[in-house]
Amino acid sequence: MPIFDISGDKLSAVEQKNFALEKDLQTLIEKNLETVFNCRFVASEFSTGAQHAGRIDSLALSEEDNPVIIEYKKVESSELINQSLFYLHWIQDHKGDFEIAVQKRLGSGVKVDWSDVRVICIAPNYKKYDLHAVQVMGANIELWKYRLFSNDSIYLEEVFHSSRSAASSVTTMPTENGYKNPVMVEAGKKAALTRATATYTFDERLEGKSEDIRELTATIREFILGLDESIEEVPKKFYVAYKTSQNIACLEVKGKNTKLFLKLKPSDIPDGTPNYRDVTSIGHYGTGDVEFTVSSETEFEQVKEFIAMAYNKVGG
């Protein structure tokens, strides 16, 4: 994935390099968690105690208040995924430790939502059998690949995001030598079970709604997902989130309209824009400070440019 400098009408390839230390990658991400993943930093090198004898590289809280585990490697390594799933297993059994860390860092008023745990692995590359292994894990694991360039640019690409598979599928997981890793298997079972009890569907958001609202919602959904094949649809209890590294838009289906909450600043919206409301200080489901109420496909036409703007600002 080369990148090029533009000088007039000439292109020159930018040389790739790597971090001198793995800690340099970790520090860069931790200092920019909100920009990259829209997460709040909780802890670095978090000890799992004498018995487990491990240290979680980074702990964070997602924009939806879910726990986030981040592990890094500056070289291709299967150890990265093994460690991440080991820590996923650990955190499910030590919720109190994580909640105390959150309260110390973010304040006692922050409540953790345990309906999901997000695991992020960041490395320059992954082996093919690692990609196969995570496909059958139930965990919400994301594999991100990075490239560092000599012009001080970094490129991050999500190369895998596990589907919400059933816990039973975990038992078929192979490893490099043909044997199952019991830590990975157990972690996957636990994560799959957790997700199975807290998984919602897009169709549930449409139950009891009129045909007009169903068609309008389908139109909105098609437009958002059509912006980029990497956009993920994540149904929640009260809304549906559309995200890449972080939420772009959240869709809430009502009886007579749909509400869209976009990852934009109110200052991005021109004065007099119809069907818009600044909800920065107003409680609502979903994330985003910009709300559009859409009652028809004609009204939705006026909102499309702002959805595309939110997508572009998040970074695609």
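The shown structure was predicted, so the numbers you read here are calculated from the model rather than taken from an experiment.

Participant: Teacher, can you tell me more about the nonpolar core here?
Facilitator: Burial of nonpolar side chains together is a common tendency in soluble globular proteins. Within the largest apolar cluster, 29 residues are counted, with the highest numbers of intra-cluster contacts made by Leu59, Ile69, Ile91, Phe98, Ile141 and Leu143. Of all elements in the fold, only β4 (40-47), β5 (55-61), α4 (79-93), α5 (95-106), β7 (118-123) and β8 (140-149) reach the threshold of two or more residues within this core. It is α4 that provides the largest number of residues to this core, a total of seven residues. The residues contacting Leu143, other than those within four sequence positions of it, are Ile81, Cys121, Tyr126, Leu131, Val134, Glu157, Glu158, Val159 and Phe160. Judged by nonpolar contacts, the second largest core, of 27 residues, contains Ala249, Leu260, Ile269 and Val303.

Participant: Got a minute to help me understand the pairing of β7 in this structure?
Facilitator: Every regular strand shows the same layout, with side chains that alternate between the two sheet faces. Burial analysis of β7 places six of its six residues in the buried class, the great majority of the element. Residue alternation in β7 divides its side chains into two sets, Arg118, Ile120 and Ile122 and Val119, Cys121 and Ala123, and both sets are buried. Pairing between strand β6 (residues 67-72) and β7: five bridges, direction parallel. Each bridged residue has a counterpart across the sheet, and for Val68 the counterpart in β7 is Arg118. As judged from the six bridges shared by β7 and β8, these two strands associate in the parallel manner. By the bridge assignment for β8, Ala123 is matched with Lys145.

Participant: Help me understand the environment of Leu28 in this model?
Facilitator: Within the secondary structure, Leu28 is located in helix α1 (residues 22-31). Sequence-distant contacts of Leu28, that is, excluding residues within four places in its chain, are made with Phe19 and Ile154.

Parameters and conventions
- Residues numbered from 1 in each chain as written.
- Predicted model: local features only at pLDDT ≥ 70, side-chain atom pairs only at ≥ 80, totals over all residues.
- Heavy atoms only, no water.
- Core = buried A, V, L, I, M, F, W, Y, C linked by side-chain atoms within 4.5 Å.
- Buried < 20%, exposed > 50% of the residue type's maximum accessible area, 1.4 Å probe, protein only.
- Helix = DSSP H or I, 4+ residues; strand = E, 2+ residues; numbered from the N terminus.
- Contact = heavy atoms within 4.5 Å.
- Pairing = 2+ DSSP bridges.

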